[in-house]
Amino acid sequence: TPAGVSEDPHVVAAASALSRTKGCNCCKWWCDFGPVWDWLVQTNLKWSELEGRTQAALAKRSTIDDASMLGRLLNELRASSVVNKRLAAELALRIRSVVGAATAEVEADEEELRIAMCRQCGRYRASFRFIPCDHVCMCRACVGHALPSRESFDMLLEKKVHMVLPGGAPIRCPECEQAAAVIAQTSSE
């Protein structure tokens, strides 16, 4: 920046417009301001180009793949000393929105995976449904331990369903603690 020149975009734009007018080389104002003229014109062009790229980026739908490009634009906007707080704020908001959406997708995937895991041991995928509560919440190993005998477990695997007999030890759903009347193997097993 030439000494004494303000980096206010309004001053730069006005000076750029003024630069397109014909000046008199003999006037003192022209002689004092002349060396700064080219710099003002170039600065205005750079600012206009940067604002145009930023507005184009904001006009399209952004994904997480665009986050680094948006971040570079924001850094470039801040470094350029362009006094366009609205544009910088919109760009920062878009970046937060894109990153927040991607984070929410990852959290949703993690939550979906957590829900699909056995509520008894948490190590294996839940693949047995408890009826009447309808929770799919126990893995094959845990159901094998919960059933009264190995024969009951083998029958469940063969028939895909086990009826809990009245009067026997209740088998409780690990999700809601309701006594199961039926344990059914889901198709994912």
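Bear in mind that the values here come from a model prediction, so they are computed numbers and not experimental data.

Procedures and definitions
Residues numbered from 1 in each chain as written. Predicted model: local features only at pLDDT ≥ 70, side-chain atom pairs only at ≥ 80, totals over all residues. Heavy atoms only, no water. Pairing = 2+ DSSP bridges. Helix = DSSP H or I, 4+ residues; strand = E, 2+ residues; numbered from the N terminus. Axes fitted to C-alpha atoms, helices over the stretch in contact; angles between N-to-C directions. Contact = heavy atoms within 4.5 Å. Core = buried A, V, L, I, M, F, W, Y, C linked by side-chain atoms within 4.5 Å. Buried < 20%, exposed > 50% of the residue type's maximum accessible area, 1.4 Å probe, protein only. Salt bridge = Lys/Arg side-chain N within 4 Å of Asp/Glu carboxyl O. Arc of directions from axis to C-beta. Polar contact = N/O pair within 3.5 Å; in protein donor to acceptor, adjacent residues only side chain to side chain. Expected span 1.5 Å × (residues − 1).

## Concerning the sheet that holds strand β3 (residues 161-163)
The antiparallel open sheet is built from 4 strands, whose spatial order is β2-β1-β4-β3. With partners counted over all chains shown, the strands left at the sheet margins are β2 (135-138) and β3, one partner each. Averaged over neighbouring strand pairs, the angle between their axes works out to 30° when direction is ignored. Along the sheet, helix α6 (residues 150-159) contacts β1 (128-131), β3 and β4 (182-185); its crossing angle with β3, the most-contacted strand, is approximately 135°.

## Some words on the nonpolar core
Ranked by size, the top nonpolar core spans 18 residues in total, and within it Phe 130, Val 143, Leu 147 and Ile 183 carry the most contacts. Leave out the neighbours within four places in its chain, and Phe 130 touches His 135, Cys 137, Met 138, Ile 171, Arg 172, Cys 173, Pro 174, Ala 180, Val 182 and Ile 183.

## Re the pairing of β4
What you see with β4 is no split at all: Val 182 and Ala 184 on one side and Ile 183 and Gln 185 on the other are buried throughout. Examined bridge by bridge, β1 and β4 share 4 bridges and lie antiparallel to one another. Paired with Phe 128 across the two strands is Gln 185, which belongs to β4. Two elements, β3 and β4, share 3 bridges in a ladder whose sense is antiparallel. Each residue of the ladder has a partner; that of His 162, found in β4, is Ile 183.

## As for the pattern of salt bridges
Between side chains of opposite charge, a pair can form when the charged atoms approach closely. A full pass over the atoms with the stated rule returns 6 salt bridges. Residues joined in a network through salt bridges with shared partners are Glu 49, Arg 53 and Glu 76.

## Here's the deal with α6
Of the positions making up α6, those classed as buried are Ser 152, Phe 153, Leu 156 and Leu 157. The buried residues of α6 all sit within an arc of 135° when viewed along its axis, so they share a single face. The exposed set on the far side of α6, more than 90 degrees from its buried face, consists of Arg 150, Glu 151, Glu 158 and Lys 159. Looking at the packing, one finds that the buried side of α6 touches β1, α5 (140-146), β3 and β4. Where α6 ends, the next residue or the one after it, Lys 160, has phi of about 70°, a positive value.

## Comments concerning the environment of Thr 54
Residue position: Thr 54 is located in helix α2 (residues 28-59). Overall, the relative accessible area of 0% leaves Thr 54 in the buried class. Counting along the chain gives 23 residues from Thr 54 to Leu 77, while the straight-line C-alpha distance between them is 8.4 Å. At 2.9 Å, the side chain of Thr 54 forms a polar contact with the backbone oxygen of Leu 50.

## Quick notes on helix α3 (residues 67-79)
Given a rise of 1.5 Å per residue, 13 residues ought to cover 18 Å, and the 18 Å separating the end C-alpha atoms of α3 matches this to within 8%. If you check which residues of α3 are buried, you get Ala 67, Leu 70, Leu 73, Leu 74 and Leu 77. The arc that holds the buried residues of α3, viewed along the axis, is 125°, so those residues lie on one side. Of the exposed residues in α3, those oriented more than 90 degrees away from the buried face are Arg 72 and Ala 79.

Purely geometric numbers; function is a separate question.
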